[in-house]
Amino acid sequence: MRNRLWLLAAALISAGAAASDKPVNAGPYVPSPQSVVADMLKLADVGPKDFVIDLGSGDGRIVLTAAKVFGARGFGVEIQDDLVKRSNEAARREGVADRVKFITQDLFKTDISQATVLTLYLLPDTVVLLKDKLLAELRPGTRVISHDYPLAGWLPEHTVRMDLEDKVAISGVTTTLIFLYVVPARVAGRWHAQLPPGIAKGAMELDLKQQLTRISGSARVGGRNLPLEDVRLRGEQLSFTLAGLGSARFAGTVKGTSIEGTVEHPGGAKAPWRASLK
Ligand SMILES: C[S@@+](CC[C@H](N)C(=O)[O-])C[C@H]1O[C@@H](n2cnc3c(N)ncnc32)[C@H](O)[C@@H]1O
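Conventions we followed
Residues numbered from 1 in each chain as written. Predicted model: local features only at pLDDT ≥ 70, side-chain atom pairs only at ≥ 80, totals over all residues. Heavy atoms only, no water. Helix = DSSP H or I, 4+ residues; strand = E, 2+ residues; numbered from the N terminus. Expected span 1.5 Å × (residues − 1). Bend = angle between axes of the 7 residues up to and from the residue. Buried < 20%, exposed > 50% of the residue type's maximum accessible area, 1.4 Å probe, protein only. Pairing = 2+ DSSP bridges. Right-handed = clockwise from strand over helix to strand, strands pointing away. Domains from an automatic or database assignment. Contact = heavy atoms within 4.5 Å. Buried area = accessible area lost by both parts, 1.4 Å probe. Salt bridge = Lys/Arg side-chain N within 4 Å of Asp/Glu carboxyl O.

A. Looking closely at helix α5 (residues 124–137). With 14 residues, α5 ought to run about 20 Å at 1.5 Å a step, and its terminal C-alpha atoms sit 20 Å apart, in line with that. Bending of α5 peaks at approximately 35° at the position of L130. Those residues of α5 lying buried are T126, V127, L130, K131, K133, L134 and L135.

B. Representation of the pairing of strand β1 (residues 51–55) in the model. In terms of burial, β1 is a largely internal element, five of the five residues being buried. Of the two faces of β1, the one lined by F51, I53 and L55 and the one lined by V52 and D54 are each fully buried. Pairing geometry for β1 and strand β2 (residues 73–78), over five bridges, is parallel. Bridge pairing in β2 links D54 to G76. In this fold, β1 hands off to helix α3 (residues 61–68), which returns the chain to β2; that crossover is right-handed. As judged from the four bridges shared by β1 and strand β4 (residues 117–120), these two strands associate in the parallel manner. Within β4, the position partnered with L55 by the bridge is L120.

C. Structural context of unusual backbone geometry. Residue D45 is not a glycine yet carries a positive backbone phi of 55°. Within the secondary structure, D45 is located in the loop between α2 (34–43) and β1.

D. Geometry of the domain arrangement of the chain. Taken domain by domain, the chain comprises domain 1 (34–182) and domain 2 (189–277). Centre-to-centre, using C-alpha coordinates, domain 1 lies 35 Å away from domain 2. Of the residues lining the interface, eight residues belong to domain 1; the matching set on domain 2 comes to six residues. Buried area between domain 1 and domain 2, summed over both chains or domains, comes out near 640 Å², and the portion from carbon and sulfur atoms is 61%. Three residues stand out in domain 1 for area buried against domain 2, namely P140, L155 and V182, and they jointly supply 51% of the buried area on that side. Counting across the domain 1 and domain 2 interface gives one salt bridge. Note that E157 and R234 form a salt bridge whose closest N and O atoms lie 2.7 Å from each other.

E. Structural detail: α3. Buried residues dominate α3, accounting for six of its eight residues. Those residues of α3 lying buried are I62, V63, L64, T65, A66 and A67. Those residues of α3 that are buried are in contact with α2, β1, β2, α4 (81–93), β3 (100–104) and β4.

F. Looking closely at the pairing of strand β10 (residues 214–221). Looking at chain direction, strand β9 (residues 203–211) and β10 are connected through eight bridges and run antiparallel. Bridge assignment links K209 to a residue of β10, and that residue is S216. Here β9 hands over to β10 after two residues, with L212 in that stretch at a positive phi of 55°. The pairing of β10 with strand β11 (residues 224–227) spans four bridges and is antiparallel. Looking across to β11, one finds that R220 is bridged to N225.

Structure below.
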């Protein structure tokens, strides 16, 4: 009796483990209409320097189009073997097998750090589940394109909305949405900046707060606290105005713990500035 109970428990545990090893189904195979594929890649401004990754690549059309029409490289991951096989065959047939490949892999376990453009057409819950992975693994400046479903809590840079008859068979309505996100650099914290002579004497302390792409903060210069105005962050490109410092406009590239760029006076004079994270 005890033996039988143990066997039952072991069977239940191994069934549980098998169930948890099984990839989460992020959506059925429903290809994006070809016109939407072109619009997604155009919105991401895909070009020959790009590396495109499609998570849940279906028949491979997004990555294949990125290579054939826009000259990009990349790969797609897909859990259905037959679709992976079909995609790799299409890549060979269409002469782009040297630039793209398709792999049978769970998209939640895929290393996506190589992407400069990442595309998604997955169930809405999955898209939200993936948000943290994207922010942790993708480099600042990477464009993320999602067909129909937004990454909740992350403000898209652009949203394209259109009506397409092709979508009625897929979702029951003609409405089609494409969201473009740009992965922001991490800028939150205290920065110590050197200012060029002519802007202010000495150093400036910057205190930046960040909620994804939304940045706020203040600067301490010459014993005064000045609010940052018109702050923008796109990927690694940060800019802001200090109205209290002759309306100087600061722009710079964020590279890890340093920012380097130029500061411009309304008169047009430009000078270099740099900052490092304290
Ligand atoms: C809606 S289709 C999108 C296909 C393609 N990206 C497109 O836009 O034409 C979603 C695809 O994701 C695949 N998929 C679902 N869950 C997955 C997982 N955990 N890992 C890899 N692929 C998955 C499905 O098999 C399906 O082919």
